[in-house]
Structures are given as C-alpha cells and as structure tokens.
Amino acid sequence: MESVRRALVLAGLALLSWADALVELLAFLLLCVGLVFFFTPAIDWARGRSARTRELVGQWCETEVATPYRPAPAEPERERDGWYRDGNQLYKRAWWIRWNRRFTWIMEDPATGRELRWQLLNPPFALVTALLSLVTGARALRWYGRWTRFWLGPRPPAGPVRKRWLHRHLESCGHQVGLLALSLVHLGFSVWQFVVIIGAAPVAAPLVVSCRTIADTLRREAGNWTGVRITRPYLPPPRLPVPRPDGLYQVGKQLYDEPWWPVQRARTQWILRDRATWRDLAGGALIPVVSLLLTVPTVALLGWGLTGLVILWGWRPFVSAPVQWFPLPEVATHLGALAQTPVALALIVAGLAPTTWLAREQARFARLWLGPTEAMRLAQRVARLDESRTHVTVAQAAELRRIERDLHDGIQSRLVAMGLKLGAIEALIDSDPESAKRLAAGLRNASSDALTELRLLVRGIHPPVLSERGLVDAVRAVALDSPLKVEVTADVPGRVEQPVEACAYFAVRELLGNAAKHGAAKRVSISLAYSDGVLRVVVTDDGSGGAEAARGSGLRGIERRLGAFDGTLSLSSPPGGPTEAILEVPCQTVPEPALEPVDPEPAAPEPSSPKTSTSSETA
C-alpha cells in the first residue's frame, strides 16, 4: 500500500507537468510575437517541478537522479567606468545582460528539450506505473525511477559515431551537391562584384567586404565537410588616417578637412591591391565549373540506378507492364526484373563509391583559388608583423614609463630618505650617540625594504628563475605561487629562445591571474609542448568562462606580446566554462648553457666569505 500511495503521488505530480508544458507553449508563442521576457521564467518555473520529481524519485524509487543542467552563466561585472559590457554594447544596468545570458543558457542546454519531451510523455507513464504498483508493488516504482533518470538525468558523453558505408557515401554525395550550390552562389556574387569594381570602383570596398562572407562560408563548409582547411587569404584592413599638426588629413598632395574621403580611398586601394580579391573573382568563375564536372557523374549514375529500381519494382508491378529501362531490354515478369536489378544496384554503388574522393577534390580545387599563396602568406605576415611592431613599441614605451614611475616613486624616495637619515646620524653621532644608533637601526630596516622592493621590480622585468632554469621550471614556480591547484605538464626538449621564453612566461602568468581573479576557477592545467618549430602552450581552467579578448586589456596585451613573435592566441571560453587558451609561437630551440668545469681540488673558502646559496638553488 505504501508503494501504491507513492505511485499515486508521483502520478499526480506528473499530471501537473502538462500544465508546465502548456505554460511553456504559451510563453513560446509570446516569444514568437516579440514578448520575449516570459519564456525564461516559464522554463525556470517548470524546472522547479522537475527538481521536486528528481527528489521524490531519489527517496522512493531507489534511483538517484543528478541535475542535468549546464552550469549557470556568471553574473555581469561592472566596468571601472560604471557601465556593464556585453560584447561591443554598453548598458547602465545589468538586468538585460543577465536575462540574455540565461536565455542563451536555457536555449542551448540539451536538457531543456529532453525535459519538455518528458513533460509530455510522463503523465501517461506515471498513470501506468500507478496501476502496475497494485500488482508489482515497489518494482513498478523502480521502473519509474529508471524512466525518470533516462529523461531528467545527465547523459553520458557520446562516443564517436561509426558510420556505415552507405551513410558515409550518401553524406559525401550531399557534400558534393552542397559545395556545388555554394560555388554557384559565390559565382553570382562574384559577377556582381566585378560589375561594381569596373563601373564604380570608389564604392566597391563595402560591397567586396560584405561579399567576402560568401567565400568565407565556402571555405568553412569545405573544411567541415571534407577536412580540407582553407585559410583566409586577405590582407588586414588599413589603419585610420592620422591628422597633420594643423588638423588636416593628407593624401598625396591633397589635404582634406574630414577623414571620410581618405578612409574611403585607403579602403578602395586596400581592396583593389589585394590579390585575394581578384583570386576570389577568378575562383567564383572556375570553381562552379569544376564542381559541376565532378558532381554530374555521381548524380547521373545514382539517378540512373534509382530510376531503374523505380521502373522495375515500382512502375511495372502497379502501373503497367512490360517496361523498358534503357539500355536493357523490356521486361514484364518478376524474374526479368530480378535479373536486371543487379545492374541498377551496380550503378548506384558506382555512383556512390567515389563521392568522398570527389568531394575532397572539389574542396582542394577551391583551396587552390580561395586559399593564400606563398606570396600572399608572406604579405600577410609582413602586415601582421608591421602592426604588431607598432603595438610592441607602444607597449615598450608604456613599460619604460611604468619602470621609471616605480623607480621615481619608490626606490628614489627611499634613497632620498636614507640620505637624510645619514645626515642626521652624522650630526648626532658625537652629541647624542643613542639617537644616532636608533636612526642607524631604522636606516638598516629602510635599506632592507628598499632592497626587497628593488628585487620585486627586477623580477617583474625579467625573473631570475627564467634565466637560470628555463621556461618549464619558471612556469612551475608560478604554479607553486598561485592560489589555485595547478598541474603542469611539459614536453619541451631543451630550451627555446630567451625572448620567446619571456613572452610565454608572462602570458601564462597573466592567464593564471585572470583565472584566479575573474574566472572563479579552482583547478588549472598547463601544457607546454614543442614540435615542428612551434612552442604550444595550453592553459585550461574550470572557471565560469565568458572571457573575451575584447573585454580586457590583459588578453589584448597577450595578443600584442605574441604578435611581436608572429604568435597567436586562440581562446575558447563559453559561458559556464571551461576556459581554454592556446598560445602558439614559432621559435627555435637553443642548446643548454654549458656548465663551467669544476676544479678537482677547489681552494678552501676564506673564513670571512661563507658560502651562500641563491634563492633558485635553495628551491
């Protein structure tokens, strides 16, 4: 009877889930007409009922059901100027950012869809469970617990899907047709761009930039479908013009009051002088032709074989007989159709067999025209290095100003105070020796504080452990000083160039600081590896995520620091975490510094010079 009572309670609670589904449906209809603010509260309200069901199932059905939802998004943080920032938009209050993040979190969570299906299917199943409990007792409750865990519990991570031969080749056939369709769309936009460039070149820049998204789509889908990666070949856009001392903008021998025309002229020259623009136009004309030639045999063989099967087994038995499937003779019986069926199947197999290779060849031909050449890669690298050189110059000047300010406000003021105390000691040493001794003791403490501050300043410029032990040990030292639990793994044979070591070291230190200060992380893993002339550093934390390079100066500083060495920063930080930062810097390894030969009979140290150990040796 206790099992029956519990089953009836669960059935009554399940009937209320239809009311939850109705409320969610009404909120969705309001969302479709623009009233977006009712959808998130409706989902949150329904999740309360689901949480109560998981709790009762854990108590009565001997089945623990864990919470399946993704971690909730972090609360918006106020900027220093008092505004809240979401991407490139500023807000006075945080409620819109908070609602938008929760809406995205709910809509992208796969548990939301499973919960909605459970709300629709659960009441009938709960009623059946209540009826079965009259016969089976607690066994029916255990069945209901497994049912609830299947729908409301977290799903294990899906393993790799093994596709069958037919599935793989039908998918490749679809990729062929998709690449052909994208190339035809690219052809239409290429013709439009060519007409505008020939007829109205001064206004072609915004059109060409907007049409590049079509070529980018073709590049992206070719990589996703066939694995042939096509790098974006365009040169970076020109910088904004800098006014002269008199406030005018100069372009050649012409002066302008406003920067509009110099900007338009610079962007037009950027578009017309970029070889990738003309290669996109040529590719727009050639890629559809090649794609069509590679797709027609597949479609023809596949269509021919499918037509034969339809004629032999669809048209002949039910519409009319005899039938003839070109070029085979006509048939009127099942035996004759069965004899011709292997030919149709062979045509289908012949059409599907090369689809994977043909789709990859389509993507490779697209890469030939839409990817960068060696000259274009060199031009991109020169432009990127020129831009990064400017950023590095500005950063170095700011760093020198910081060092000068720290020396002026810190060490210099302490040295001035120490000089004044020395003068006071010199005046009091004969008349008041006790006061002179007290001043000398204070002077000794001041000199110790000044030495400590100077050491901190020197370590901020270049840590001694980095010079003595190398990058790996320096990163391990930073991990020991961090308040987080940090795991460091390294596969770096030897040492890399010292400037690259300093760049990677300060980047890792900045990322660790961000994880502790902004990400609310508890664990961080750092992986250092060197292969094929590239130093790769991966920093992963379990924080709240939501990091963006455009939101803070720290990540932008890392990008500028890496850009000086032609390095890159790849950041993946979805709301809720985890955050993964990948640093890649091209560099060369250098041999380990040779150890100085040791004298087999070292001289005994002088009594006045006791042997000491550096801080790194002690560590």
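Above this text is the structure in question.
One structure accompanies this document, and this report is about it.

Rules and cut-offs
Residues numbered from 1 in each chain as written. Predicted model: local features only at pLDDT ≥ 70, side-chain atom pairs only at ≥ 80, totals over all residues. Heavy atoms only, no water. 1 Å grid on protein atoms, 1.4 Å probe; cavity = no way out; pocket = protein on both sides within 12 Å on 5 of 7 lines; lining within 4 Å. Points joined across faces, edges and corners; volume = space filled by probe spheres on them. Helix = DSSP H or I, 4+ residues; strand = E, 2+ residues; numbered from the N terminus. Phe/Tyr/Trp six-rings, centres within 6.5 Å; stacked < 30°, edge-to-face > 60°. Buried < 20%, exposed > 50% of the residue type's maximum accessible area, 1.4 Å probe, protein only. Lys NZ or Arg CZ within 6 Å of the ring centre and 35° of its normal. Contact = heavy atoms within 4.5 Å. Pairing = 2+ DSSP bridges. Axes fitted to C-alpha atoms, helices over the stretch in contact; angles between N-to-C directions. Polar contact = N/O pair within 3.5 Å; in protein donor to acceptor, adjacent residues only side chain to side chain.

## Quick word on empty space enclosed by the protein
Across all of its chains, the model carries 2 cavities of 30 Å³ or more by this definition. Space inside the largest cavity adds up to approximately 40 Å³. Lining the largest cavity, in full, are H186, Q193, V208, C211, R212, A215, T277 and D280. At the level of secondary structure, the elements contributing two or more residues to the lining of the largest cavity comprise helix 6 (165-199), helix 7 (204-226) and helix 9 (275-318). Top element by residues in the lining of the largest cavity is helix 7. It accounts for 4 residues. In this structure, the second largest cavity occupies an estimated 30 Å³ of space.

## Comments concerning the packing of aromatic side chains
Inspection of the entire model under this criterion finds 15 aromatic pairs. Between F37 and W99 the ring centres are 5.3 Å apart and the planes differ by 55 degrees, which places this aromatic pair in the tilted class. Here the residue F37 occupies a position in the loop between helix 1 (2-32) and helix 2 (39-60), and W99 occupies one in helix 3 (residues 95-108), the gap between them amounting to 62 residues. Of the residues examined, W99 reaches a relative accessible area of 13% and is grouped as buried. Ring plane angle 85 degrees and centroid distance 5.3 Å describe the contact between F150 and W151, whose orientation is recorded as edge-to-face. Through a chain of ring-to-ring contacts, the aromatic side chains of F28, F37, F39, W95, W96, W99 and F103 assemble into a single cluster. In this arrangement the basic side chain of K92 is found over the ring face of W83, its NZ or CZ atom lying 4.6 Å from the centre. We note R155 situated over the ring of F150; from NZ or CZ to the ring centre the distance is 4.5 Å.

## Some remarks on the environment of L281
Take L281: it is sitting in helix 9. Between the C-alpha atom of L281 and that of W192, which follows or precedes it by 89 residues, the distance is 9.8 Å. Setting aside anything within four residues of it in sequence, one finds L281 in contact with S190, Q193, F194 and I197.

## Remarks on the sheet that holds strand 10 (residues 579-586)
Hydrogen bonds along the backbone pair up the strands of a sheet, which may run parallel or antiparallel. Reading across the sheet, the 5 strands line up as 5-7-8-10-9 and stay open at both edges, with mixed pairing between neighbours. At either margin of the open sheet sits one strand with a lone partner, and together these are strand 5 (485-491) and strand 9 (568-572). Taken over all neighbouring pairs, the strand axes of this sheet differ in orientation by 10 degrees on average, direction set aside. By the bridge criterion, 8 bridges tie strand 8 (residues 534-541) to strand 10 in an arrangement that is antiparallel. Bridged to L535 within strand 10 is V585. Set on the sheet, helix 15 (residues 471-481) makes contact with strand 5, strand 7 (523-531) and strand 8; between it and strand 5 the angle comes to about 175 degrees. Here helix 16 (residues 498-517) sits on the sheet and contacts strand 5, strand 7, strand 8 and strand 10; the angle it forms with strand 8, its principal contact strand, is near 10 degrees.

## Concerning the environment of T579
Note on placement: T579 falls in strand 10. In this structure, the C-alpha to C-alpha distance between T579 and G519, residues 60 residues apart in sequence, is 8.5 Å. If sequence neighbours within four positions are ignored, T579 has contacts with V539, T540, D541, G545, L571, S572 and S573. Separated by 2.8 Å, the side chains of T579 and S573 make a polar contact.

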